[in-house]
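Residue-level listing of the chains:
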Amino acid sequence: MATRHPHQAADPAASPPPPAPPSRRPRGLASASSPAPARRSGEREKERTKLRERHRRSITSRMLAGLRQHGNFPLPARADMNDVLAALARAAGWTVQPDGTTFRSSSLSQPLPPPPAQFQGAFQATSVETPSFTSHLNSYAIGTPLDSQASGLQTDDSLSLSPSSLDSVVVAEQSIKNENYGNSSSANSLSCMGSDQLVRASAVWAGDYTRTPYIPVYASLSMGIINSYCQLVDPEAVRAELRHLKSLNVDGVVVDCWWGIVEAWTPQKYEWSGYRDLFGIIKEFKLKVQVVLSFHGSGKCGSGDVLISLPRWVMEIAQENQDIFFTDRVGRRNTECLSWGIDKERVLRGRTGIEVYFDFMRSFHMEFRSLSEEGLISAIEIGLGASGELRYPSCPEKMGWRYPGIGEFQCYDRYMQKNLRQAALIRGHLFWARGPDNAGYYNSRSHETGFFCDGGDYDSYYGRFFLNWYSGILVDHVDQVLSLATLAFDGAVIMVKIPSMYWWYRTASHAAELTAGYYNPTNRDGYSPVFKMLKKHSVILKVVCYGPEYTVQENDEAFADPEGLTWQVMNAAWDQGLSISVESALPCLDNEMYPLILDTAKPRNDPDRHHVSFFAYRQKTPFLLQGNVCFSELETFVKCMHGEATQNFVD
């Protein structure tokens, strides 16, 4: 119902309103004399109302996505609750006409028994994010008149499928998950399912992937095959590993080319001999190569006791100027990668950070141009931040971070602070030229901080300014690097990997994503601006797929939701017209992980028939050299990716 704003002037043509009670705020011109705190209180209430409405719309969109994905409901792109009710009625066997007239079909003559007692009164609590939703809904809907389902679908009188009621739906959903299943991935909890549900779950997992799109499969090679002098360590071991991969019909391999190895000693002096030998061996097996240009260091041992770090000449510069590295609030430097604050600063022996990346990319292209023209190199992934992902190094283990800490903002080097000061001056609030002082520490929890807690400063005027600036630096960095990458590689397929900061995803602030540079709280889509920039450069987006052990857990203190984050990222990317590739987060040693990856790569119920372009398999070194460990399962998985086999991982 429309109401008049408290500040709206009265209509002079109308009769005079009765005198307002002393406790109410006067209307019209008299409002000018109202105290300022009352106006500020009204503005705050408006902001809170907007926030609640955005939160409800976000929940609605996720529920609709779940109905499309798991319930096979043909909902339109911009569906409302009327569309949902019509789809539910049709699934129950009723006829719904375009004008909304609904009546029972004549074919409904044999009503099914009422649903089991444990599901009565819990329709609003059934998760639309799990495959079990379809089986539960069918137990109500198939051939059952709505009046005979009253006991199974009965809700409170005040409850309706409107955005205003969806918050209670989600709360009830989580409680039912924890009570009945213990783990929200109920399709995987076979002990909690009846015999009929087991049959349906097996049907979900044992899908037919014949005549589905062909998705190339790549397996990563260990980074230790090239030592710090850019020499191929053990050519015969590489041949043995490639022989195993070839027997699996894998399309190619993923090779990391480390900046700290190739340009290790002297600026603009590049050594590619080890990679030249490696690519020659790969060519013998007629496999393709996805190259990862790694502009970061690795905390793991590469070859023997060799640690892959940034180039030595960069570390020499850092002895005099440590501000070339990302810095946290207490001044600790992260030497994993260069700060984005020096992208336009000539502090690297006369070159900027962007120029250093461009010279390295141009050297690679000149060295291996013939292999690209022959088709051996199928794609080039550009490392854009920590761990090669497009993100700030907000969660470094060497600084003491442990999961599920929220991480820290990395913007306290001299160059980032200079940029922040300029942004605050442009905004007209110089006192905003600082990082938040109540954002906690690496291992803090969201609710323990004044910045990330519900209703915290992240959604204040200052918080929105800071987070817009912080994420804007990330977008500006990817724009500059990719502009030169497209120039250096001249039409080659370029990929960018984004992180999966899935912990604290089920909170309002999404703290782990905010510190990593993605301004993606509940009331804002933080990925679309990044993907819009990636689309500008026509790159392929690489996302990480996690296994069942990473799904939402009972009493999860981290409020993690990797599946929800993955679907948000993929749908946002497809909305921007981006192509997507998928990388496994862990070695594929668990049969439960194969179906999850296949369902992510080839969504069953996507009305737009989306599918990914590549799949990269992160193996445990030396997994393929340990005989036939899970060999048949992996071979079947590759065939399913190629659209040549029926998946059968569940006995």
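Being a predicted model, the structure only gives us computed values, none of them experimental. (Residues numbered from 1 in each chain as written. Predicted model: local features only at pLDDT ≥ 70, side-chain atom pairs only at ≥ 80, totals over all residues. Heavy atoms only, no water.)

A few points about the packing of aromatic side chains
All chains considered together, the criterion is met by 39 aromatic pairs. Taking 5.8 Å as the distance between ring centres and 35 degrees as the angle between the ring planes, the aromatic pair formed by tryptophan 401 and tryptophan 503 counts as tilted. Taken together, the residues span a long stretch of sequence, with tryptophan 401 in the loop between β8 (377–382) and α13 (414–427) and tryptophan 503 in the loop between β9 (494–497) and α15 (511–516) at a distance of 102 residues. You'll find tryptophan 401 and tryptophan 503 in the same group, each marked buried. Residue placement shows arginine 312 over the ring face of tryptophan 265; its charged tip is 4.8 Å from the ring centre. Between arginine 464 and the ring centre of tyrosine 461, over which it is positioned, the NZ or CZ distance is 5.0 Å. (Phe/Tyr/Trp six-rings, centres within 6.5 Å; stacked < 30°, edge-to-face > 60°. Helix = DSSP H or I, 4+ residues; strand = E, 2+ residues; numbered from the N terminus. Buried < 20%, exposed > 50% of the residue type's maximum accessible area, 1.4 Å probe, protein only. Lys NZ or Arg CZ within 6 Å of the ring centre and 35° of its normal.)

What to know about the pairing of β9
Neither face of β9 is left uncovered, since the one carrying Ile494 and Val496 and the one carrying Met495 and Lys497 both have all their residues buried. Where β8 lies against β9, two bridges are found, and the strand directions are parallel. Its bridge partner being in β9, isoleucine 380 is matched across the sheet by isoleucine 494. (Pairing = 2+ DSSP bridges.)

Notes on the UniProt feature "active site" (unreviewed entry) in the protein
Mapped onto this numbering, the UniProt entry annotates "active site" (unreviewed entry) at Glu389 and Glu583. Taken along the chain, the residues just named run across 195 residues; in space they keep tight, none of their C-alpha pairs more than 12.2 Å apart. Within the element layout of this structure, glutamate 389 appears in the loop between β8 and α13. Exposure remark for glutamate 389: the relative accessible area of 12% places this residue in the buried category. Apart from residues lying up to four places away in sequence, glutamate 389 is in contact with Leu384, Lys497, Ile498 and Pro499. If you trace the backbone, glutamate 583 turns up in strand β11 (residues 579–584). (UniProt positions renumbered as here; feature names shortened; annotations may be inferred. Contact = heavy atoms within 4.5 Å.)

A look at the nonpolar core
Counting residues in hydrophobic clusters, the biggest one holds 147 residues, and the most contacted among them are Tyr275, Phe279, Ile282, Leu293, Phe364, Ile382 and Phe531. Counting residues per element, this core draws most heavily on helix α14 (residues 461–489), which supplies 15 residues. Here isoleucine 282 is in contact with Leu221, Leu242, Val253, Val255, Leu287, Lys288, Val289 and Leu376, once residues within four sequence places are set aside. Core analysis: the second largest hydrophobic core is formed by nine residues, Leu67, Ala79, Val84 and Leu88 among them. (Core = buried A, V, L, I, M, F, W, Y, C linked by side-chain atoms within 4.5 Å.)

Some words on the environment of arginine 421
Summarising the element assignment, arginine 421 is placed in helix α13. Classification of arginine 421 by relative accessible area gives partly exposed; the value is 45%. In the structure, arginine 421 is positioned 13 residues away from arginine 434 in sequence and 7.7 Å away in space, judged by C-alpha atoms. Setting aside residues no more than four positions away along its own chain, arginine 421 makes contact with Leu430 and Ala433.

Looking at helix α17 (residues 562–575)
Between the first and last C-alpha of α17 there are 20 Å, a value that for 14 residues agrees with the 20 Å anticipated at 1.5 Å per step. Among the 14 residues that make up α17, 10 are buried, leaving the element largely enclosed by the rest of the structure. What α17 keeps buried is the set Pro562, Leu565, Thr566, Trp567, Gln568, Val569, Met570, Ala572, Ala573 and Trp574. (Expected span 1.5 Å × (residues − 1).)

Describing the sheet that holds strand β12 (residues 614–617)
With parallel pairing, the eight strands of this closed barrel are ordered in space as β3-β4-β5-β8-β9-β10-β11-β12. Put simply, the sheet's adjacent strands are angled 30 degrees from each other on average, direction ignored. For β9 and strand β10 (residues 540–545), the ladder comprises three bridges, and the chain directions are parallel. By the bridge assignment, methionine 495 is partnered in β10 with isoleucine 540. Each of β4 (252–258), β5 (288–294) and β8 is contacted by helix α11 (residues 353–367), which is oriented at about 155 degrees to β5, the strand it contacts most. Against the sheet, helix α18 (residues 593–601) touches β10, β11 and β12, its axis set at about 150 degrees to β10. (Axes fitted to C-alpha atoms, helices over the stretch in contact; angles between N-to-C directions.)

Focus: the packing of α13 against α14
With their axes 11 Å apart at the nearest point, α13 and α14 run at an angle of 130 degrees to one another. Comparing the axis directions of α13 and α14 gives the class oblique. In this structure, α13 crosses over α14, and the sense of that crossing is right-handed. Residue-level inspection shows Met416, Asn419, Leu420, Ala423, Ala424 and Arg427 of α13 in contact with α14, the latter providing Phe465, Phe466, Trp469 and Ile473. Class assignment for the residues of the contact of α13 with α14 results in eight nonpolar, one polar and one charged. (Parallel < 35°, antiparallel > 145°, perpendicular 65-115°, else oblique. Left-handed = near helix turned anticlockwise from the far one by under 90°. Nonpolar A, V, L, I, M, F, W, Y, C, P; charged D, E, K, R; others polar.)

Quick look at the pairing of β10
Most of β10 is tucked away: six of the six residues are buried. Residue alternation in β10 divides its side chains into two sets, Ile540, Lys542 and Val544 and Leu541, Val543 and Cys545, and both sets are buried. As defined by bridge partners, β10 adjoins β11 across six bridges and the pair is classed as parallel. Bridged to cysteine 545 within β11 is serine 584.

Focus on the side chain of lysine 602
Turning to its location among the elements, lysine 602 is positioned in the loop between α18 and β12. Only 2.9 Å separates the side chain of lysine 602 from the backbone oxygen of proline 213, close enough to count as a polar contact. Polar contacts involving the side chain of lysine 602 include one to the main-chain carbonyl oxygen of methionine 641, which spans 3.1 Å. Apart from residues lying up to four places away in sequence, lysine 602 is in contact with Tyr209, Thr212, Pro213, Ile215, Cys640, Met641, His642 and Gly643. (Polar contact = N/O pair within 3.5 Å; in protein donor to acceptor, adjacent residues only side chain to side chain.)

Notes on unusual backbone geometry
Here the residue pair tyrosine 403 and proline 404 is connected by a cis peptide bond, since its omega of 5 degrees sits within 30 degrees of zero. Within the secondary structure layout, proline 404 lies in the loop between β8 and α13. Positive phi, close to 60 degrees, is recorded for cysteine 230, a residue that is not glycine. Inspection of the secondary structure assignment puts cysteine 230 in the loop between β3 (217–220) and α7 (235–247). You can call cysteine 230 buried: its relative accessible area is 0%. Positioned with a positive phi, serine 538 is a non-glycine residue whose angle comes to about 55 degrees. In this fold, serine 538 is placed in the loop between α16 (528–536) and β10.

Re the packing of α7 against helix α9 (residues 273–284)
The geometry of α7 relative to α9 is characterised by a closest axis approach of 10 Å and an angle of 35 degrees between their N-to-C directions. Crossing hand, α7 versus α9: right-handed. Of the residues in α9, those in contact with Pro235, Val238, Arg239 and Leu242 of α7 are Leu278, Ile281, Ile282 and Glu284. Of the residues that constitute the contact of α7 with α9, the class distribution is six nonpolar, no polar and two charged.

Looking at α13
Between its first and last C-alpha atoms α13 spans 20 Å; for 14 residues at 1.5 Å apiece the expected length is 20 Å, and the two agree. Among the residues of α13, Tyr415, Met416, Leu420, Ala423 and Ala424 are the ones counted as buried. On its buried side, α13 packs onto α14. One or two residues past the end of α13 sits glycine 428, with phi positive at roughly 90 degrees.

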